[in-house]
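Chain by chain, the residues run as shown.
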Amino acid sequence: MLPHWALFQCDHVQYTLVPVSGWQELETAFLEHKEQFHYFILINCGANVDLLDILQPDEDTIFFVCDTHRPVNVVNVYNDTQIKLLIKQDDDLEVPAYEDIFRDEEEDEEHLGNDSDGSEPSEKRTRLEEEIVERTMRRRQRREWEARRRDILFDYEQYEYHGTSSAMVMFELAWMLSKDLNDMLWWAIVGLTDQWVQDKITQMKYVTDVGVLQRHVSRHNHRNEDEENTLSVDCTRISFEYDLRLALYQHWSLHDSLCNTSYTAARFKLWSVHGQKRLQEFLADMGLPLKQVKQKFQAMDISLKENLREMIEESANKFGMKDMRVQTFSIHFGFKHKFLASDVVFATMSLMESPEKDGSGTDHFIQALDSLSRSNLDKLYHGLELAKKQLRATQQTIASCLCTNLVISQGPFLYCSLMEGTPDVMLFSRPASLSLLSKHLLKSFVCSTKNRRCKLLPLVMAAPLSVEHGTVTVVGIPPETDSSDRKNFFGRAFEKAAESTSSRMLHNHFDLSVIELKAEDRSKFLDALISLLS
């Protein structure tokens, strides 16, 4: 996921890598290193706030920012001396015009006219009157400009969304420099797939970017028919696939994958007895023996595996699942190891947010980074095992929330709170895990509810963060509709609700729609959010 490290190694550039999980860690890391370094590269952080205001750097410090978070802060866009944005040219930032948001202060403070020119008193009086009228006009124009600026910035900053994957941007930079390698291409694929798995981009954006990467895959992995059978033991090969939308199915049993993939679990409604029955009917329709379905995919009969994708797609269509296959990529390491891009995404996410107490956030980051290298396949397989636990816990938690009616309508949004002591609750105290759980819960709720209005509502979800400090993690998820542009308005709404109620909130995460909140302030915060969004 980090092709820029490979770029540095190509040119023998020394660098220091500092993983950060939020704004506080970013500020601390900058303070610790600002004396030693003049150049800072910020990956997936820094674009959506005024960096110079937050970090207060020296004038000779330069930041290169490669961040998917949108909208990009306007100061970062228009300050091209200290801040260099690494953004694809075809990424439309929709930034307001410079003159609409910045104004020359000196121009406003210029004095009109000059009194000491020896004119007649009557001329002076006339000039003074004109000056007063002109100043009044200027003040009014200034107030109108400021009001217009507020409206323009509100419209621009209202919604949070994501641009092209940073891994893709870095790969295309390497390609332009003729330094692109197959490994870098795979990391770019994993970066894009991560955006798709976490629902950060639209389906249209995903398909477009897959098309871009597919051309690079053909270029890097081109081999003719005769060569196909002469794959060497240590060869790395990337292929475009039109594969099943089933999480980790090649490293699990088909039954476990069907039960723990958000898409199938929601459409079958597997939390209900009727849903379990529909799953059995689906398997019967495919004509797959239960023994085969419940054993590891690798151990299934080869004759069944050969046509499995087509069989599953055909039956899925009958059961109303029209999107059972998806455009993606796979990687082969020699003969034995094959992974889909989504396998690697689930593994690295689970390693990054591992609940294991034997390491810091930095240790978990390094483990996830190591798992992307083919020389550390044991770490990748460990990540896959963690991912299976996470996916199981996610579906069990969704079933529990739906069966006990924990998702309630608060008027303008749905609300769900995980209680202390809920099984696996600590797996969901981390931002990415809770966001993914919330998105999957909302999809399942939309499939289960008969209330048409509720189907169109966004979701706010809370989970315990620290019992000791009495804090909860809160995330906001936009409505689950086919036309959803994945734009999220909760970041600004959370800010205003906390401000108006003096709730003790920490906006430490790079995604503005994820906050930490004092548990005792939760009810007044929610009341404010309800009135704000009503």
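Please read these numbers as outputs of a predicted model, since none were measured by experiment.

Draft legend 1. The arrangement of the sheet that holds strand β10 (residues 414-417) in detail. If you trace the 6 strands from one edge of the open sheet to the other, you get β9-β10-β11-β12-β14-β13, paired in mixed fashion. Two strands lie at the open edges of the sheet, namely β9 (408-409) and β13 (505-506), each paired on one side alone.

Draft legend 2. Fine view of helix α9 (residues 182-197). Taking 1.5 Å as the rise per residue, α9 with 16 residues should run 22 Å; its terminal C-alpha atoms sit 22 Å apart, in good agreement. Downstream of α9 by one or two residues, Asp 199 has phi in the positive range, about 60 degrees.

Draft legend 3. Up close: the nonpolar core. In terms of nonpolar packing, the biggest core is built from 42 residues, with Trp 186, Ile 189, Leu 213, Ile 238, Leu 248, Phe 329 and Phe 339 touching the most fellow members. When residues of this core are traced back to their parent elements, those giving at least two are α8 (166-176), α9, α10 (203-220), β7 (325-333), α17 (341-352) and α19 (377-403). In terms of residues, this core owes the most to one element, α9, which gives 10 residues. Counting residues in hydrophobic clusters, the runner-up holds 27 residues, among them Leu 434, Leu 437, Leu 459 and Met 461.

Draft legend 4. Layout of the pattern of salt bridges. One pass over the structure, following the stated rule, counts 23 salt bridges. The closest approach of N and O atoms between Asp 91 and Lys 205, which form a salt bridge, is 3.9 Å. Taken as a pair, Asp 91 in the loop between β4 (83-85) and α5 (98-101) and Lys 205 in helix α10 lie far apart in primary sequence, 114 residues in all. A relative accessible area of 21% places Lys 205 in the partly exposed class.

Draft legend 5. Highlighting unusual backbone geometry. Going from Arg 70 to Pro 71, the amide bond is cis rather than trans, its omega being 5 degrees. On the secondary structure map, Pro 71 appears in the loop between β3 (69-70) and α4 (74-78). Of note, Asp 199 is a non-glycine position whose phi angle comes to about 60 degrees, a positive value. Here Asp 199 is to be found in the loop between α9 and α10. Look at Asn 405: it is not a glycine, yet its phi comes out positive at around 50 degrees. Along the chain, the position of Asn 405 falls in the loop between α19 and β9. According to the relative accessible area criterion, Asn 405 is exposed, its value standing at 60%.

Rules used throughout
Residues numbered from 1 in each chain as written. Predicted model: local features only at pLDDT ≥ 70, side-chain atom pairs only at ≥ 80, totals over all residues. Heavy atoms only, no water. Pairing = 2+ DSSP bridges. Helix = DSSP H or I, 4+ residues; strand = E, 2+ residues; numbered from the N terminus. Expected span 1.5 Å × (residues − 1). Core = buried A, V, L, I, M, F, W, Y, C linked by side-chain atoms within 4.5 Å. Buried < 20%, exposed > 50% of the residue type's maximum accessible area, 1.4 Å probe, protein only. Salt bridge = Lys/Arg side-chain N within 4 Å of Asp/Glu carboxyl O.

Geometric values such as these leave the question of function open.
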